[in-house]
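# Close look at the chain arrangement
Each chain, letter by letter, is given below.
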Amino acid sequence: MYESYYGFTAKPFQLKPDPRFFFGSKGHKRAMAYLEYGISQGEGFIVITGEVGAGKTTLMRNLFCALEPDRILAAQIVNTHVGSDDILRLVAAAFGLEYEDASKAALLTRLEQFLRQCDRQGKRALLVVDEAQNLTPRAVEELRMLSNFQTEDRSLLQTFLLGQPEFRRTLLSGDMQQLLQRVIASYHLGPLDLTETQSYIEHRLHTVGWNNDPSLSSKAFSEIYEYTGGIPRKINSLCDRLFLMGYLEEYHAFDEAEIKQVIADIRQEFELPAKISLPSPSINKLSDEKELSLASLESVDDRLGKMERSIASMIDALKKMLPSTKANQSSERDS
């Protein structure tokens, strides 16, 4: 909507990760350097963690664009709420292999044959696992076991693990020592600072042809940073709403007041109405259950009362019909 109003060539603050908008903050440049180092090494695990919306997926999409497809065959897994057996099926599916109704042994055999075929063709296989914090320890162990597929001088599979900060706790648990020994680099991607937040917003705007319309004051940038904490996805969400409001209200300049107005609108939208507000934690659970039971009994009583009244009405109707029926039978006998 607001793209044409402000003369943009595309939507600058979409939530979908897009490598066109990759912004090289200090943290993102360093994380990219770790990934590129991992590619150059061609073995082991690279671990990148960061808060929700910190830009891990965009980082990986940017890396994919730089890969040479004739040298590196990359596959990505994003759905990680699976068990240890299903993670192997996901890996097989990511590389285009048959996985349905296959036993674990069959999956491992197919994966090894595929990886060796890639090696014979002069290619390396790269597996990227997003949302790694959802993996169970056994699923992580299955991924580690895949790194055992090797030739005499090199590994057949390299794995990048991307996850939220809690994934680091999984890695540091006592039973992850074998995996940690194969992690050649690890980096935590933090939020943007105030200066980077402004540069990030301006970078995305310039990417779509921004010509300082609308303009944003320094206080506007500060307010955006204060609310979002420098998390790119939060910045995108807020700025998208800000520019939509600018289109609707025909604004061509944003200051602190406009940012606060949008923030207030967003907060109000996510507040529960008073009638369905959550119960106070001090309310006794037993009392809640008793109220629910009484409400259920009252509902049952109400339904039974309706049934009784309905049956009574039917009986009355039948009684009214019976005399006329008897009279008709008597007249038929007399005739």
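Since we're looking at a predicted model, the values are computed, not measured. (Residues numbered from 1 in each chain as written. Predicted model: local features only at pLDDT ≥ 70, side-chain atom pairs only at ≥ 80, totals over all residues. Heavy atoms only, no water.)

Looking now at the pattern of salt bridges. Evaluated as defined, the whole model comprises 12 salt bridges. Here Arg89 makes a salt bridge to Asp86, at a shortest N to O gap of 3.1 Å. With a gap of 3 residues between them, Arg89 and Asp86 both fall in helix α4 (residues 84-94), about one helical turn apart. Under the relative-accessibility criterion, Arg89 is labelled partly exposed at 26%. In this structure, Lys104 and Glu142 form a salt bridge, with 2.7 Å as the shortest nitrogen-oxygen distance. With Lys104 in helix α5 (residues 104-120) and Glu142 in helix α6 (residues 137-146), this pair connects stretches of sequence that are 38 residues apart. On the basis of relative accessibility, which here comes to 36%, the residue Lys104 falls in the partly exposed class. Here the residues in one salt-bridge network are Lys26, Asp193 and Glu196, joined through shared partners. (Salt bridge = Lys/Arg side-chain N within 4 Å of Asp/Glu carboxyl O. Helix = DSSP H or I, 4+ residues; strand = E, 2+ residues; numbered from the N terminus. Buried < 20%, exposed > 50% of the residue type's maximum accessible area, 1.4 Å probe, protein only.)

The subject of this paragraph is the packing of aromatic side chains. Considering all chains together, one arrives at 13 aromatic pairs under this definition. In this structure an aromatic cluster arises from ring pairing among Tyr2, Tyr5, Tyr6, Phe8, Phe13, Phe243, Tyr247, Tyr251 and Phe254. (Phe/Tyr/Trp six-rings, centres within 6.5 Å; stacked < 30°, edge-to-face > 60°.)

Attention now moves to the nonpolar core. With 35 residues, the main nonpolar core has Val91, Phe95, Leu127, Leu135, Leu143, Leu146 and Leu161 as its most contacted residues. Breaking this core down by element, the ones donating at least two residues are β1 (45-50), β2 (72-77), α4, α5, β3 (124-129), α6, β4 (157-163) and α7 (166-171). The element contributing the most residues to this core is α5, with 5 residues. Discounting chain neighbours no more than four positions away, the residues touching Phe95 are Leu73, Ala75, Phe114, Ala125, Leu126, Leu127 and Leu157. Within the second largest apolar cluster, 28 residues are counted, among which are Phe23, Tyr200, Leu205 and Val208. (Core = buried A, V, L, I, M, F, W, Y, C linked by side-chain atoms within 4.5 Å. Contact = heavy atoms within 4.5 Å.)

The pairing of strands in a sheet comes from backbone hydrogen bonds and takes either a parallel or an antiparallel form. Across the sheet, 5 strands lie side by side as β2-β3-β4-β1-β5; this open sheet has parallel pairing. In the strand order of this sheet, the two ends are held by β2 and β5 (183-189), each with one partner. Looking at each pair of strands side by side, their axes are set apart by 15° on average, direction ignored. Pairing analysis gives 6 bridges linking β1 to β5, with the strands arranged parallel. (Pairing = 2+ DSSP bridges. Axes fitted to C-alpha atoms, helices over the stretch in contact; angles between N-to-C directions.)

Turning to α4, a few remarks are in order. For α4, the full list of buried residues reads Ser84, Ile87, Leu88, Val91 and Ala92. In a view along the axis of α4, the buried residues occupy a sector of 140°, so they form one face of it. Contacts from the buried residues of α4 go to β2, α5, β3 and α6. At the C-terminal side of α4, Gly96 shows a positive phi close to 80°. (Arc of directions from axis to C-beta.)

Limitation: the analysis is restricted to geometry and does not speak to function.
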